[in-house]
Amino acid sequence: MTDFSDRNMEYKTRPGIFAEKIKSWFSTPDSLTDSHKTAYSLAFFRIVFGILMVVAEIRFISRDWITDFYVKPQFFFTFFGFDWIHPLPAPYIYWVFYGLVICGVLIALGLFYRIAIWSFFLGFTYVELLDKSVYLNHYYQVSMLAFIMCFLPMNRKYSLDAGIKAHLSSEISFPGKIFNFLTFSTIKSPLPENWMLWALRLQVGSVYFFGGVAKLKYDWLFRAQPLRIWLAANEHFPLIGSLLTQTWVAFVLSWFALFFDLTAPFLLSFRKTRFYIYLIIVIFHLLTHYLFYIGMFPWMMIFTALIFFPSDFHQKVLRFLPEPQTSGFNTVRASTVNLKWLFTFFFLFQLIMPFRSHFYEGNVLWHEQGFRFSWNIMLMEKNASLEYRVKVKKSGEEFYVRPSEFLTRIQARQCSFQPDMILQFAHYLHQYYVENGLGDTEIRAECYASLNGRGSQLLIDPNVDLTKEHEGFMPKTWITKLN
Amino acid sequence: MKKLIGIFLGAVLLIVACSKSSDNVNPGGGNTGNTFESFDRKGMLTNLGNNVIIPSFDNFDQKTALLQTAITTYSTDLSNEQKLILAQSAWIEAIKAWKASSVFIQGPITDKFLVNSIDYQTVSYDNIEKAITEGTTIDNAYVESKGATVKGFQALEYLLFDQNKKNSNIIGGYTGANGAKRIAYLKALITNLKEKSALVLNAWKPSGENYVAKFISADGRDINSSLGVLVNNLIQLAYTVRDERIGAPYGHRTNNVPQPNLVDGRLSDISADLAIAELNSIESALQGKTATGAKGLGIYDLLDKLEAKSGSDLLSKVLSDQFTTVYTKIKAIPVPLRLAVVNNPAQVGAAYDEVKRLQVKLEVDMVNNLGVLLTFSDNDGD
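Residues numbered from 1 in each chain as written. Chains lettered and ligands numbered in written order. Predicted model: local features only at pLDDT ≥ 70, side-chain atom pairs only at ≥ 80, totals over all residues. Heavy atoms only, no water.

### Thoughts on the overall build of chain B
Logical step 1: Looking only at helices and strands, one finds 17 helices and two strands in chain B.
Logical step 2: Burial statistics for chain B: of 382 residues in total, 55% are counted as buried.
Logical step 3: Counting only contacts in chain B whose residues sit at least 6 apart along the sequence, the fraction spanning at least 24 positions is 76%.
Logical step 4: Accessible area of chain B: about 15300 Å², with a carbon and sulfur share of 54%. (Helix = DSSP H or I, 4+ residues; strand = E, 2+ residues; numbered from the N terminus. Buried < 20%, exposed > 50% of the residue type's maximum accessible area, 1.4 Å probe, protein only. Contact = heavy atoms within 4.5 Å. Areas by Shrake-Rupley, 256 points an atom, 1.4 Å probe, with all protein chains shown as cover.)

### Let's talk about the pairing of strand S1 (residues 382–392) of chain A
Residue and element names in this part refer to chain A.
Logical step 1: With 10 of 11 residues buried, S1 is to be regarded as a mostly interior element.
Logical step 2: Pairing geometry for S1 and strand S3 (residues 441–451), over 11 bridges, is antiparallel. Pairing of Leu 386 across the sheet is with Cys 447, part of S3.
Logical step 3: Of the pairings in the sheet, the one linking S1 to strand S2 (residues 398–401) comprises four bridges and is antiparallel in character. Its bridge partner lying in S2, Lys 391 is registered against Glu 398. (Pairing = 2+ DSSP bridges.)

### Re the interface of chain A and chain B
Logical step 1: Each partner contributes residues to the interface: chain A has 62 residues there, and chain B has 50 residues.
Logical step 2: Of all residues in chain A, the largest losses of buried area upon contact with chain B belong to A:Glu235, A:Tyr293 and A:Arg409, amounting jointly to 15% of the total for that side.
Logical step 3: Inspection of the chain A/chain B interface yields five salt bridges.
Logical step 4: With its nearest N and O atoms 3.7 Å apart, the salt bridge here joins B:Glu307 to A:Arg228.
Logical step 5: Linking chain A with chain B are 14 residue pairs in polar contact (both at pLDDT 80 or more).
Logical step 6: Split by residue class, the side of chain A that touches chain B holds 31 nonpolar, 17 polar and 14 charged. (Buried area = accessible area lost by both parts, 1.4 Å probe. Salt bridge = Lys/Arg side-chain N within 4 Å of Asp/Glu carboxyl O. Polar contact = N/O pair within 3.5 Å; in protein donor to acceptor, adjacent residues only side chain to side chain. Nonpolar A, V, L, I, M, F, W, Y, C, P; charged D, E, K, R; others polar.)

### Notes on the pattern of salt bridges
Logical step 1: Applying the stated criterion across every chain, the model contains 38 salt bridges over all chains.
Logical step 2: In this structure, the salt-bridge partner of A:Lys132 is A:Asp420, at a minimum N-O distance of 2.9 Å. Highlighted residues: A:Lys132 in the loop between helix H5 (113–128) and helix H6 (137–150) and A:Asp420 in helix H20 (residues 419–435), separated in sequence by 288 residues.
Logical step 3: Taking relative accessible area as the criterion, A:Lys132 reaches 4% and is therefore assigned buried.
Logical step 4: Several salt bridges share partner residues, and in doing so they unite B:Lys99, B:Asp119, B:Glu244, B:Arg245, B:Asp264 and B:Glu278 into one network.

### Some details on the pairing of S3(A)
Residues and elements named next belong to chain A.
Logical step 1: Burial within S3 is extensive, with 10 of its 11 residues counted as buried.
Logical step 2: As paired elements, S3 and strand S4 (residues 457–458) share two bridges and run antiparallel to each other. Across the sheet, residue Tyr 448 finds its bridge partner in S4, namely Leu 458.
Logical step 3: Hairpin connection of S3 to S4: five residues between the antiparallel strands, including Asn 452 at a positive phi of 45°.

### A closer look at the side chain of A:Gln203
Logical step 1: Tracing the backbone through its elements, the reader meets A:Gln203 in helix H9 (residues 194–214).
Logical step 2: The contact partners of A:Gln203, leaving out residues within four places of it in the chain, are A:Gln141, A:Met144, A:Leu145, A:Ile148, A:Phe346, A:Phe347, A:Gln350 and A:Trp375.

### Some thoughts on the domain arrangement of chain A
All names here are of chain A.
Logical step 1: The assigned domain composition of chain A is domain 1 (27–358) and domain 2 (381–468).
Logical step 2: One C-alpha centre belongs to domain 1, the other to domain 2; they are set 36 Å apart.
Logical step 3: With 18 residues of domain 1 at the contact, the number on the domain 2 side is 18 residues.
Logical step 4: Together, the buried faces of domain 1 and domain 2 total about 1500 Å²; carbon and sulfur atoms form 55% of this surface.
Logical step 5: By the criterion of area lost to domain 2, the three top residues of domain 1 are Gln 74, Phe 75 and Phe 77, representing 37% of everything that side buries.
Logical step 6: Applying the counting criterion to the domain 1 and domain 2 interface returns two salt bridges.
Logical step 7: Scanning the region where domain 1 abuts domain 2 turns up 11 residue pairs in polar contact (both at pLDDT 80 or more).
Logical step 8: Elements that contribute at least two residues to the side of domain 1 that touches domain 2 include exactly helix H3 (65–71) and helix H11 (227–232).
Logical step 9: Broken down by class, the residue content of the side of domain 1 that touches domain 2 amounts to eight nonpolar, four polar and six charged. (Domains from an automatic or database assignment.)

### Re the domain arrangement of chain B
All names here are of chain B.
Logical step 1: According to the domain assignment, chain B contains domain 1 (45–209) and domain 2 (220–370).
Logical step 2: Here the C-alpha centre of domain 2 lies 25 Å away from the C-alpha centre of domain 1.
Logical step 3: Listed as interface residues are 29 residues of domain 1 and, on the opposing side, 29 residues of domain 2.
Logical step 4: Scanning the region where domain 1 abuts domain 2 turns up three salt bridges.
Logical step 5: For Lys 99, the salt bridge is made with Asp 264, and the minimal N-O distance between the two is 2.7 Å.
Logical step 6: The tally of links between domain 1 and domain 2 comes to 15 residue pairs in polar contact (both at pLDDT 80 or more).
Logical step 7: Only helix H2 (41–75), helix H3 (81–99) and helix H8 (153–160) provide two or more residues apiece to the side of domain 1 that touches domain 2.
Logical step 8: Ranked by the residues each element gives to the side of domain 1 that touches domain 2, the list is headed by H2, at seven residues.
Logical step 9: The residue makeup of the side of domain 1 that touches domain 2, split by class, is 15 nonpolar, nine polar and five charged.

### So, a nonpolar patch on the surface
Logical step 1: A cluster of nonpolar side chains, contributed by A:Val337, A:Trp341, A:Phe345, A:Leu348, A:Leu351, A:Ile352 and A:Phe355, occupies part of the molecular surface with about 670 Å² of accessible area.
Logical step 2: Checked against the element boundaries, A:Phe345 lands in helix H17 (residues 337–352). (Patch = residues over 30% accessible without salt bridge, like charges linked within 9 Å, V, L, I, M, F, W, Y side chains within 5 Å.)

### As for the nonpolar core
Buried together is how nonpolar side chains tend to be arranged in soluble globular proteins.
Logical step 1: Of all hydrophobic cores here, the largest spans 152 residues; its most connected members are A:Phe49, A:Tyr70, A:Phe120, A:Leu200, A:Tyr388, A:Phe425 and A:Leu466.
Logical step 2: Considering each element in turn, this core owes the most residues, 12 residues, to helix H2 (residues 32–62) of chain A.
Logical step 3: Here this core spans two domains, and each of domain 1 (27–358) and domain 2 (381–468) of chain A adds at least three residues to it.
Logical step 4: Here A:Leu466 is in contact with A:Tyr388, A:Ile422, A:Leu423, A:Ala426, A:His427, A:Ile443, A:Ala445, A:Ile460 and A:Trp478, once residues within four sequence places are set aside.
Logical step 5: B:Ile53, B:Leu78, B:Leu193 and B:Ile235 belong to the second-largest nonpolar core, a separate cluster that totals 108 residues. (Core = buried A, V, L, I, M, F, W, Y, C linked by side-chain atoms within 4.5 Å.)

### Quick look at the UniProt feature "domain: Imelysin-like" (unreviewed entry) in chain B
Logical step 1: Under the UniProt annotation, the feature "domain: Imelysin-like" (unreviewed entry) is placed at residues 53–347 of chain B.
Logical step 2: The annotated region residues 53–347 of chain B carries 65% helix and 1% strand content, and the separation between its end C-alpha atoms amounts to 33 Å. (UniProt positions renumbered as here; feature names shortened; annotations may be inferred.)

### Thoughts on the packing of H2(A) against H9(A)
All names here are of chain A.
Logical step 1: Packing of H2 against H9 leaves a shortest axis separation of 9 Å and a crossing angle of 35°. Considering how the two elements wind past one another, H2 and H9 form a crossing that is left-handed. Residues Thr 38, Ser 41, Leu 42 and Phe 45 of H2 touch H9, and the partners they reach there are Asn 194, Met 196, Leu 197, Leu 200 and Val 204.
Logical step 2: When grouped by side-chain class, the residues that make up the contact of H2 with H9 number six nonpolar, three polar and no charged. (Axes fitted to C-alpha atoms, helices over the stretch in contact; angles between N-to-C directions. Left-handed = near helix turned anticlockwise from the far one by under 90°.)

### Some points on H8(B)
The α-helix winds at 3.6 residues per turn, so residues separated by three or four positions along the chain end up facing the same way.
Residues and elements named next belong to chain B.
Logical step 1: When you tally the buried positions in H8, you get eight out of eight residues, the bulk of the element.
Logical step 2: Along H8, the residues classified as buried are Phe 153, Gln 154, Ala 155, Leu 156, Glu 157, Tyr 158, Leu 159 and Leu 160.
Logical step 3: Contacts from the buried residues of H8 go to H2, H3, helix H5 (115–118), helix H6 (125–134), helix H9 (167–175) and helix H10 (179–204).

### Remarks on the packing of aromatic side chains
Logical step 1: According to the stated counting rule, one finds 68 aromatic pairs over all chains in the structure shown.
Logical step 2: Look at B:Phe60 and B:Phe153: their rings are 6.2 Å apart centre to centre, the planes differ by 45°, and that puts the pair in the tilted class. Pair noted here: B:Phe60 is in helix H2 and B:Phe153 is in helix H8, with a separation of 93 residues, a long-range link. We note that B:Phe60, like B:Phe153, is buried.
Logical step 3: A network of ring pairs unites the aromatic residues A:Phe75, A:Phe77, A:Tyr388, A:Phe399, A:Phe406, A:Phe425, A:Tyr428, A:Tyr432 and A:Tyr433 as a single cluster.
Logical step 4: Above the ring of A:Trp198, the side-chain terminus of A:Arg201 is found at 4.6 Å from the ring centroid.
Logical step 5: A cation over an aromatic ring shows up here: A:Lys215 above the ring of A:Trp220, its NZ or CZ 5.1 Å from the ring centre. (Phe/Tyr/Trp six-rings, centres within 6.5 Å; stacked < 30°, edge-to-face > 60°. Lys NZ or Arg CZ within 6 Å of the ring centre and 35° of its normal.)

Set out below in C-alpha cells:
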C-alpha cells in the first residue's frame, strides 16, 4: 500500500494531461499502480452510494410511502413507452423495497457486488417508472449512477467479495466460478482504470452543470422566481428569516445558485479550487436542506461529490474501516474498449437529453414537454385547478369531474398542472366510463394554472376533446401559450 | 476564478440596484395602506388567532347562547308565535355566526370531530322524528349519543321552521300529541350545540386550552403549518360554496336539472345569506379582520408584500374585487334560492360562474404566491 503513497493523483487533473487523456481514451490503459489507487476510489464511492441508498430506502419505507404511492392509487401515470410496467400488488411491492435495502447493504459491504448492483439498478428503475407523480430528478440520478456502477469493478478493495476470494483456493473450482460470476471478479472483468472515476464524476457533475444550464431562464434570472416565493415563505427561519423576504436576497441567491451550478463540476476538478468549492457545496446543500423540503437530495449531492477528490483522500478515509485480506489483483487485464464505447454513447445521450425541450415551442416550465430527465431542478412553483368536462355521446349529457375523486392527493396535485398527465387521465376517464356503461364520451379539460407568481390562465385548450389526442413526443398543440 | 467572482459581484450589484429602484417606484402599496414595513408571518398568525379567530368563535358562542335563551323562553310559552319568531331569528343569527367562522376548522374542531355535530348537511328529518318518539329521557346526553343526522343547526332548523312559513305547523308540533318530547328534544339540541360552541371557544382561548398559541407558533410553510392548513381549508370552503351551496341545487351535477332540496338553509330560506357568511369567513382570513373588528395583518398583506399580481393589478385587489362581484351576483338571485334554481336559473348561473372565478383565483393565483406546501409535509427531493 505504501508503494504509491508518495505519488499524488493530482497530476492527472492538470489541463494538459486532461487533453492527453482524451487522446488516449481508446488506447492506453492505466499502469497497475494507478489501477490500485483507482480501486480505492471506486470502493469509496461504492460504500458511500450503498449507505445513501440504505438510508433513502429505509426512509421511504418508514414513512409508508410505498402504501401512499404504490398501493393506494387505483390509477398510475406511466411513462410514455413504459405503460407495460405495473406495480406489483401488496405485499410484493413492499418486498421490492426490502430487496432494495438488502441490495444497498450488499453494495456497501461489497458482497455479491455484481448481482447486488444489477438488482438494485433494475429494482430502483422499475419503481421509478411506476408513476410519474413521484418523479424526482435525484431518483433519475440514482438510476444513472447505479447503471454506471453495474459495469465498473467497484469491489476490488474494501469488499467482502475480495476477502472471500482470497480464501477460495482455486478460481477454476465450481464454487469459485459461481462466486466469480456473482461478484464481477472473473478473469475477464476489467481492472480499475482512471477513466472510470471520470465516468462517475461526469455523472455527478452533470447534475450541477445541466442544473445550471436549466436555470438560464427568464423567470430565474430576471424575476428571481420561484426562489422569491419560496424564500419569503421561510420567514420563520431563525436569524435570516426577515432577510429571506427581501427581493434583492432572492436575486442574489438566484444568481449565486446559477454560477455555483455552472462552475461546481469544474472547480471540483482542479486541485486549487477543490476544497473551497466543496465547502460551498456543503453549505449550499445544507441551506437548501433547511429552507426547502427536499429530503435526500442535498445529502446525496454532498456525499457523491466526494468522488472528485483524489484517490489518496479516499484511501485515507477508508483506513477507518477494516480492510478484508485480499488476494491482490489479477494481472490478466480484460479489454475495456467495449465499455468505453458504451459509456461514450451513454454520455452522448446524457448530453442531448437535457436539451430536447428546445424542440418544442414556448416555455418548457409551462408546457413541460421535455421537462423530466433534464435537470430542471427547483425551477417552478406551479399550481392549478383542474376539472374535466365530460360529455356523454349517447345522451348529450354533460357533467364535471375533479381528478381528486379518482386519484390520491399527491397524484391529483401533480396531474393538475402537467399536460401529459392531464391527457393520460382524460384517457383513463374515457376508459372508465366505457367500462361503467356510460359509453363513449368526449372529455375536455378546464385547467387554470399559475406559474411562478403569474396570474392564472388556461393551460389546456378547453375546446379540445382530449380523447382524440395521443400521447407521444409530437408537439402538444392543445397546450395554450403562456402569456 | 477571479474574473468569475468579478462578474458575479457585478451582476449582484446591478440587480440589487435595480430591485431597490423598483422598490421605490412601487412601494408595495395594496389595499392595506402599507402600514407594515416588514411583514412577518408570525405577526399575521398572531393577528388572525387573537383578533379574528377567537372573536369569531366568541361571537358564535354568544349567538348560540342567545338562541338557547330564546328557545328556553319559547319553551315556557309554546303557543306564543312571537316567542317562536324570536327563537327563529336567534337561530338565523347563530348559524350565520357559525358560517362566518367556519373556515377556521383547523385545530380543535377537526381534532374533536365537531363539524358534523354542529352543521351536518345531510341531516335526516325522518331520523329526527324517530329520535323524538323513541326517546324516553330526552336530554343532552341523549342527543350526544345520537349520530350527526339528528343534531346541530340543521336539526334545529327543522324543529323551528316550516318551509311554507306556517308557524302554526311548528307550534302544533309542540302542543300536539308528542309535544312534551318534541320540546324536550329542541331544548336538548340547543344545550348540545351550546356545549360545542363553548368547547370550541375554550379550546382556542389562552385562558382555556390555548390552541391559539399552537396556531401562532406553527409559522412554517409545510402542510401542517397553520398557514398551510388554513389555506387548504380556505380553498376547500370556496369550492364547497361553489359546488355544494350553489352548483348542486343549480343542477350542475345533474345535467342542469335543478335540485331545490340540496340548498343549505332549505326551511329557513336563508341559503344566500349563509353562502355569503361562509365567504365572509374566507375574507376575514384574507383581510385579517372580522366583519366588525379592526384591520390587522392578513393573507392580503402577505400577498402585497410579495407584490403578487394578477395581470397588472395587485392580486389582493383582484381578489377583493372578485368578492364584491360575487356578493352582488348572489344578492341578485331572487330569494329563496330553492325557487330561484327553478325559476331564475340565469341569475343562479351567473353567481355560480363568479364564485368559480373566485375559487380558481384562490386555489391557483393565491396559492402560487404563498409558497406553502399543500400535498406533503415532507418529500424526497426535486
